[in-house]
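# Topology and contacts: notes
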Protein chains: 2
Amino acid sequence: MRTAVSRRDARGDPVGDEVTEDLPERRAAVAELAGELRTLADLLTRTEVSAEVLRDSTRRLREIAPALRERLRTPAEPASVDDLMGGVRMFNPVIGAGNPIAPPMRVEMGADGAEGWCTLGQAYEGPPMWGHGGVSAMLIDQLLGHAAAASGHPGVTTDLSVRYRRPVPLDVPLRIWGRVTEVQGRRISVTGGITTAAEPDVPLVVAEGRFARLRPDQAGRMFGRLASPAATNPDVAHD
Amino acid sequence: MRTAVSRRDARGDPVGDEVTEDLPERRAAVAELAGELRTLADLLTRTEVSAEVLRDSTRRLREIAPALRERLRTPAEPASVDDLMGGVRMFNPVIGAGNPIAPPMRVEMGADGAEGWCTLGQAYEGPPMWGHGGVSAMLIDQLLGHAAAASGHPGVTTDLSVRYRRPVPLDVPLRIWGRVTEVQGRRISVTGGITTAAEPDVPLVVAEGRFARLRPDQAGRMFGRLASPAATNPDVAHD
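Summarised in this report is the structure supplied together with it. (Residues numbered from 1 in each chain as written. Chains lettered and ligands numbered in written order. Predicted model: local features only at pLDDT ≥ 70, side-chain atom pairs only at ≥ 80, totals over all residues. Heavy atoms only, no water.)

### What to know about the nonpolar core
Among soluble globular proteins, nonpolar side chains are generally buried collectively. With 64 residues, the main nonpolar core has Leu120(A), Ile140(A), Ile176(A), Leu120(B), Ile140(B) and Ile176(B) as its most contacted residues. What Leu120(B) contacts, discounting residues up to four positions off in sequence, is Pro103(B), Val135(B), Leu139(B), Val168(B), Leu170(B), Asp171(B) and Leu174(B). Leu33(A), Val49(A), Leu23(B) and Leu68(B) belong to the second largest nonpolar core, which has 42 residues in total. (Core = buried A, V, L, I, M, F, W, Y, C linked by side-chain atoms within 4.5 Å. Buried < 20%, exposed > 50% of the residue type's maximum accessible area, 1.4 Å probe, protein only. Contact = heavy atoms within 4.5 Å.)

In structure tokens form, the structure reads like this:
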């Protein structure tokens, strides 16, 4: 598969000719760069090196930014590595392999729900040695949206309730699950939670979410760049 | 203020002599490095440079990691730049200036609540051009915890309910607020939400949280490294 990449300057204005390159290659390069930034973020939260070493690292990082700034898309332009209609969102902050903020969570869709897997490192610490409660809520919000979509009822979150039963461990493979429990008109109810992968019967966090299917006019406002996202593409319709 | 920094190898074993250096200087260096990683994460989500430029950036990033790996703390050791009893958590994933995942949110404590401010960039995008709903939940979880602590009732989140009323814009200063509504024994109820800083009367997200004060034995298990955290330090007691 090949894609057209527009050359644009820092203000988003097109410059020069379009170039084409291999889309899988570019996606792999994006994921590798994100992976390295993720590694450095993890190391920064664990390192005890001197201020001098830290400052030297900062200087070297600063030298990398200008090359990346040479062609920036505007927020209204989809990323060329994404395929919104096909469900590819490389920069999603929970599942995006191209987003250093994302653990990232890997998602598998089932008939009436979805399951996700990830491991939270030191950068996701809340109480000393445990995962941050807000990070748990973030993982669940994303996964419940996938569950709604998997059952054929994609939508946007309207309500999310999270109960914290036990602390979520760091550096341990986690399992996040969600299952649609009710569909009433435009409203979809989903239940789910977080366990460790090793002990799927011991709930750490439990949650319920409600989603609303978008009407075409709402979809038009929220996903203005797309033809009919909620109807055709589960991933796009979820926040 | 000066601090002792233990030299440790990658497995956490002490090596060589202890060195001391200026704590504010080291904190500044940590925040600067995190800020640069945050800038690069933001650029990665916006850049349209070629795979070759991306790969070259990755190669240069890889050269930075070994120096940071030279002295790593173990998860059980507090970071030397932190002051858990004094409420300094540089690597918190929501408010930590030293954590590239954090926007970071700036928090001000009041008599019966707290307010936070941050701006979400492209890396926090959920639906195209809007903030991720899970990120909103993460900001709120943290801020409601500060609100509970500000009122003199610090604890850990037991329940969090979030209602999404309007999409949260990117690249716009946001205001996150929380106020304690009820204290019953060990249970603290907090209400709050997200607005833009410019329109504090237009709710984008509203939320309710319940927190539980930790009993000393629970605090001992969760904050085992500390003497009596929940009683003396609001920030430490919240996830």
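Once the structure has been displayed, the description carries forward.
### Comments concerning the sheet that holds strand β7 (residues 187-196) of chain A
The strand order across the open sheet built from 12 strands is β3(A)-β4(A)-β6(A)-β7(A)-β8(A)-β5(A)-β5(B)-β8(B)-β7(B)-β6(B)-β4(B)-β3(B), with neighbouring strands paired in antiparallel fashion. Single-partner strands in this sheet number two, and they are β3 (106-109) of chain A together with β3 (106-109) of chain B. The average angle at which neighbouring strand axes cross in this sheet is 20°, direction not considered. (Pairing = 2+ DSSP bridges. Helix = DSSP H or I, 4+ residues; strand = E, 2+ residues; numbered from the N terminus. Axes fitted to C-alpha atoms, helices over the stretch in contact; angles between N-to-C directions.)

### A closer look at the packing of helix α4 (residues 133-150) of chain A against helix α4 (residues 133-150) of chain B
Between α4(A) and α4(B), the shortest axis-to-axis distance is 8 Å and the interhelical angle comes to 160°. For the element pair α4(A) / α4(B), the angle class is roughly antiparallel. The chirality of how α4(A) crosses α4(B) is right-handed. Every residue of α4(B) that contacts α4(A) at Gly133(A), Gly134(A), Val135(A), Ala137(A), Met138(A) and Asp141(A) is listed here: Gly133(B), Gly134(B), Val135(B), Ala137(B), Met138(B) and Asp141(B). Here the contact of α4(A) with α4(B) is built from residues that sort into 6 nonpolar, 4 polar and 2 charged. (Parallel < 35°, antiparallel > 145°, perpendicular 65-115°, else oblique. Left-handed = near helix turned anticlockwise from the far one by under 90°. Nonpolar A, V, L, I, M, F, W, Y, C, P; charged D, E, K, R; others polar.)

### Here's the deal with the relation of the copies chain A and chain B
You can overlay chain A on chain B at an RMSD of 0.0 Å; the transform is a turn of 180° with a shift of 0.0 Å along its axis. Here the transformation between the copies is reduced to the relation of a two-fold axis. Measuring from the rotation axis to each C-alpha of chain A, the shortest distance belongs to Ser161(A), at 2.1 Å. Both copies share a contact surface, since 99% of the interface residues of chain A are interface residues in chain B too. (Least-squares fit on C-alpha atoms with pLDDT ≥ 70 in both.)

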